[in-house]
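Read off the chains here:
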Amino acid sequence: MAVKINDSEKQFHLYNSKLSYVIGEGPDGGIEQLYFGKRINENQILKGYQTRCGRPLCCPANEEETYSKELGLREYPSFGTGDFRGAAYEICQENGSRVTELVFKSYEVCSGKKKIPGLPASYVNNEDEATTLKLTCFDEVAKVEVVLYYTLFENYPIITRNVSFKNLGKEELKLTKALSCCIDFFDNEYDLVQFEGAWGRERYPKIRAIEKGIMQVESMRGHSSPNFNPFVIIKRKNTDEFQGEAIGINLVYSGNFLARIEAGSFGGFRFTMGINPTWFQWPLGENEEFYTPEVIITYTNDGLNDLSQNIHRFMNNQLVRSPYKNKPRPILLNNWEATEMNFDEEKILKIARKGKEAGVELFVLDDGWFGKRNNDYAGLGDWFVNTDKLPDGISGLSKKINEIGLDFGLWIEPEMVNEDSDLYRAHPDWVLAAPNRKKTLGRHQMVLDYSKPEVVDYIYDMLHKVISTASISYIKWDMNRAITECYSQNVPADRQGMVYHKYIMGVYSLYERLIQEFPNILFESCASGGGRFDAGMLYYAPQAWCSDDTDGHERVKIQYGTSYGYPISSIGAHVSASPNQQTGRTMDIDDRANIACFGTFGYELDLNEVSEEEFERVKKQIEFMKKYRGLFQYGTLYRLQSPFEKNTASWMVVSEDKSLAIVAIYRSLKTPNDELERIKLQGLTENAIYEINHKEMYYGDLLMAQGIGTMEPAENWFESDNDFTSRMFILEQHVTK
Ligand code: DGJ
C-alpha cells in the first residue's frame, strides 16, 4: 500500500517510486499540505516544517500566535477565518454567513478507486493499481461534512483528487464555490504554461511568469472552450522539454472551469482549479451530497516530454473507455469539407467508393442528413432522416456503405435546436433562455436545456431510433455554439445557479446511456473542432476532432500544443483539400498526410477530385498509416523542436522496445542557402544501430547526441521544395545477420 500513515502525528504520506505527496493535520485542526514533489523518505515527519506566522496584521490561528493560516500551505482552505487568499470552497448558510472552518475528523484507506457519481473520472483496471485515501473533515456550525479524496496510481507519477460535500444538518446550505483542488507552492520561482487560442487555432502553449498578484484562465462559455483549455502546467523556470520539474493539472470536466494562481505577500503561490464559481450556486438540503469533478495531477522531474508521456499513458489506460482503447483507430473519410450539407445518396456513395478504393476503413456522414437541414438555419433537433436526400434512410445508406466494404459513421449535434425545427415548435421552453430577453443565437441555433432530464430523454429516444435501425459503428458528436442566457425556463429562481453544471451532467448522462446501449460505437467529440477537447470528454469519446482548421501548417502548431496534455490517439486529424478551406494555403498532399498521421488519421475531401497521381499517393499514405498507426497513436512521443520557436518543427514517436521510431520534420518557409541544422533525437537505444529510411545507418547514441540533419537524406530536399514542406524518417533498429 503506497500510503504511510503516522497516526500520532496525523500525517499521511502518499508515495510511489516517482513522487511523494504528504499531508497532515495542521495547527488549526484543518488539513495542511506538507510536501509535494520528488519522492522523499516516507518516514520523514514534516509536522511544523511549513508552519509560519506573519505579524503584525496577520490573524494567527492559535493562541501562541505561532501559526497564521495565510502563511500556511493548506489543502482545502476555507473562507473567512484568516486565510486571505482565495478559498477552495464557499458555503452560504441560512443566516447569510459564508464563514466555515474545516476540522479533520477521520481517515480511510482502500485499494482501487471509486467512481464519482454522474461524472467522468479516471479508473483502475485492477484494485492494486492504485490506493485511495479519504480524509473526512467537518464544519461544526454549518454541519457540513467535506471529504477529500486522493488516489495515488502505483505506476504513474500521478495523483487524482476530488471532493465531496454532505449536508448533515437541517438547514439548507448553498455551495457557491466547490473547487476540485488547491495546491499551495512554497516559493514562486515557477512559470504557468496555459493552452490558449480560439476557433481554428486551439491550444497554443503560452508561458507566463508567476508574479505577485492573481492570474487565471477560465471558461464561462458552458463548454471547456477553444480559448483556454482546462489543462495547465506549472513548471520551474529552467524546465524544458528534456529536464526539470513540472506539474500538469488536467481537470476532468467539460463545462465552465477556473484555474487560478494567487501569489501573495509571503512568497509562494496558491493554485486552485475546478468548476468556475462564477454563477455557480448549488443548494444542499439535509443529507444531500455534491461531488466535484476530478483533477489529474502529474508530476515530473524530467521535463515536459516526460510529463506528457505519463499523461498519455495514463489517459490511454486509465481514462479512455471504449472497445478502441489501446487499439489502432479506423482510417476514416468524412464528407464535410467535400460536400457540406449539399449531397444526396448518389454523391455520398461515389465519395465512399473512392475512399474504399484508396484503402479507407470507415465512411462518416457529417451534418445535413436530417430534418430540413439544407443550411444552418434549420433542422437541428429533428433527428430523423431527410428522405429527399437519402431515400432509403440512414439504415439503407449504412447498408450500402457496408456493402462497399466500409464501416459507417454518423454526425450528430444533440445539444442544439434551430428555431425552424419541429422540436422547437413543439417545445419552445426546452431551450436555455432568460425571461423577457432576446435569445442570443450562435450559428443560428439555440442550446437545449440539458439540465432537464425530460429533454435528455427525448433526444435519447430520437437518437436511439436512428442508431438501432442502422449499421453504425462511429458517431461524431458536435457542439457548435457556446451557452448564453443560461437560464432554465419554469425552474425556481434559487435553482438557476445549478444550470451550467446540470447542463454538462445532462450531456454526460446522454453519452453514458448511448455508450451503455451501443457499446461498440466509437465516439469522437467535437465542438466546432477543438472547442471541447478535455479529459472529461475523453472518458466518453476516446478521440476528439482537434480543430476545424485542417491546414497542415496550422495543424502542426495545434497538434503540437494539444500533445502536452492529451495523447496522440485522441487527436482527430485529417488530410483535406488544397488550397485549404480555412487558410487558402496550398500544400502538397504528402505534407498534409505527414501531420495528420500524428493523430487518428483520415481524409476530409472528395478523393474523386484529386489527380490520379495524387490518388496513388493517397493509397500509399493509407498503406503506410495502416502499417505504423500503432506506433503513431501509442508510441512514446517526443517533441523535439517547437513550431512556435523556429522555422522547422519536429517530433518523433518511439516504439516501446525502441526498435522502431518515426521522426517528422516540418519546415515553414523556404530559405535560400539555409543554415545547416540538426535535430537531436530522443528515446533510442544508445548502442543500437538504426537504419534510416533503409539508407544511412547510425548508432542511437550519435543520433541522440548530434542529431539528424534536416537536409537528410542526401538529395538536399529542402532546396528543391516549396514552403510548408515536411519529411518523415523511419528508423529501424538494424539487426546484424
Ligand atoms: C463543425 C465541425 O467541427 C465540422 O467538422 C463539421 O462537423 C461542422 N460542424 C458541421 O456542421
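See the structure printed just above.
Residues numbered from 1 in each chain as written. Predicted model: local features only at pLDDT ≥ 70, side-chain atom pairs only at ≥ 80, totals over all residues. Heavy atoms only, no water.

Peer 1: Got a minute to help me understand the pairing of strand E17 (residues 269–275) in this structure?
Peer 2: Successive side chains on a regular strand alternate, one facing one side of the sheet and the next facing the other. Burial analysis of E17 places seven of its seven residues in the buried class, the great majority of the element. Where strand E16 (residues 257–263) meets E17, seven bridges bridge the pair, whose relative direction is antiparallel. The residue of E17 that forms the bridge with Leu-258 is Gly-274. Between the end of E16 and the start of E17, which pair antiparallel, lie five residues, with Gly-267 showing a positive phi angle near 85°. (Buried < 20%, exposed > 50% of the residue type's maximum accessible area, 1.4 Å probe, protein only. Helix = DSSP H or I, 4+ residues; strand = E, 2+ residues; numbered from the N terminus. Pairing = 2+ DSSP bridges.)

Peer 1: What's the story with the pattern of salt bridges in this structure? I'm lost.
Peer 2: A side chain of one charge can pair with a side chain of the opposite charge if their charged atoms are brought near each other. Under the criterion given, the structure shown has 48 salt bridges. Among the salt bridges present, the one from Glu-90 reaches Arg-98, with a minimum N-O distance of 3.9 Å. Here Lys-235 and Asp-191 are joined by a salt bridge, their closest N and O atoms 3.5 Å apart. Highlighted residues: Lys-235 in strand E14 (residues 231–236) and Asp-191 in strand E11 (residues 190–196), separated in sequence by 44 residues. (Salt bridge = Lys/Arg side-chain N within 4 Å of Asp/Glu carboxyl O.)

Peer 1: Teacher, can you tell me more about the site of the ligand here?
Peer 2: In the vicinity of the ligand lie 13 residues, with Asp-366, Asp-367, Lys-476, Asp-478 and Asp-548 positioned nearest. Arg-443 has a polar side-chain atom sitting 2.8 Å from an oxygen atom of the ligand. Contact between the ligand and Asp-548: an oxygen atom at 2.4 Å from a side-chain N or O atom of the residue. Protein coverage of the free-state accessible area of the ligand, which is 300 Å², stands at 98%. Across the shell around the ligand, the residue classes break down as four nonpolar, three polar and six charged. (Near = heavy atom within 4 Å. Polar contact = N/O pair within 3.5 Å; in protein donor to acceptor, adjacent residues only side chain to side chain. Areas by Shrake-Rupley, 256 points an atom, 1.4 Å probe, with all protein chains shown as cover. Nonpolar A, V, L, I, M, F, W, Y, C, P; charged D, E, K, R; others polar.)

Peer 1: Would you take a moment to explain the pairing of strand E9 (residues 158–167) for this structure?
Peer 2: Within E9, nine of the ten residues are buried, leaving the element largely enclosed by the surrounding structure. As paired elements, strand E8 (residues 144–153) and E9 share nine bridges and run antiparallel to each other. Its bridge partner being in E9, Thr-151 is matched across the sheet by Thr-160. Counting the residues between successive antiparallel strands, the hairpin from E8 to E9 contains four residues.

Peer 1: Is there a simple way to think about the environment of Trp-369 in this case?
Peer 2: Inspection of the secondary structure puts Trp-369 in the loop between strand E22 (362–365) and helix H4 (393–404). C-alpha of Trp-369 to C-alpha of Glu-686: the two residues are 317 residues apart in sequence and 54 Å apart in space. Ignoring any residue separated from it by four or fewer positions in sequence, one finds Trp-369 in contact with Phe-343, Trp-383, Phe-384, Val-385, Asn-386, Leu-390, Ile-394, Leu-410, Trp-411, Ile-412 and Val-466. (Contact = heavy atoms within 4.5 Å.)

Peer 1: Sorry if this is basic, but what is going on with the packing of aromatic side chains here?
Peer 2: Evaluated as defined, the whole model comprises 41 aromatic pairs. Arranged with centres 5.0 Å apart and planes meeting at 55°, the rings of Trp-282 and Phe-290 form a pair that is tilted. A relative accessible area of 12% means that Trp-282 is categorised as buried. Ring centres 4.7 Å apart and planes at 25° place the aromatic pair Phe-598 and Trp-651 in the stacked group. Here the residue Phe-598 occupies a position in the loop between helix H10 (589–596) and strand E31 (602–604), and Trp-651 occupies one in strand E33 (residues 648–654), the gap between them amounting to 53 residues. Side by side, Phe-598 and Trp-651 carry an identical accessibility label, which is buried. The ring of Tyr-564 carries Arg-639 above its face, with NZ or CZ at 3.6 Å from the centroid. (Phe/Tyr/Trp six-rings, centres within 6.5 Å; stacked < 30°, edge-to-face > 60°. Lys NZ or Arg CZ within 6 Å of the ring centre and 35° of its normal.)

Peer 1: Looking at this structure, I do not really get the side chain of Glu-42. What am I missing?
Peer 2: Relative to the helices and strands, Glu-42 is located in the loop between strand E4 (31–38) and strand E5 (89–92). At 2.6 Å, the side chain of Glu-42 and the side chain of Arg-39 are in polar contact.

Peer 1: Explanation requested: the sheet that holds strand E2 (residues 11–15) in the structure shown.
Peer 2: Adjacent strands of a sheet pair through backbone hydrogen bonds, lying either parallel or antiparallel. Strand order in the open sheet formed by four strands is E1-E2-E3-E4, and the pairing between neighbours is antiparallel. For this open sheet the edge positions go to strand E1 (3–6) and E4, each flanked by a neighbour on one side alone. Adjacent strand axes in the sheet meet at a mean angle of 15°, parallel and antiparallel pairs treated alike. When strand E3 (residues 19–25) meets E4, the two strands line up antiparallel, connected through seven bridges. Across the sheet, Ile-23 pairs through a bridge with Gln-33, a residue of E4. (Axes fitted to C-alpha atoms, helices over the stretch in contact; angles between N-to-C directions.)

Structural measurements only, silent on function.
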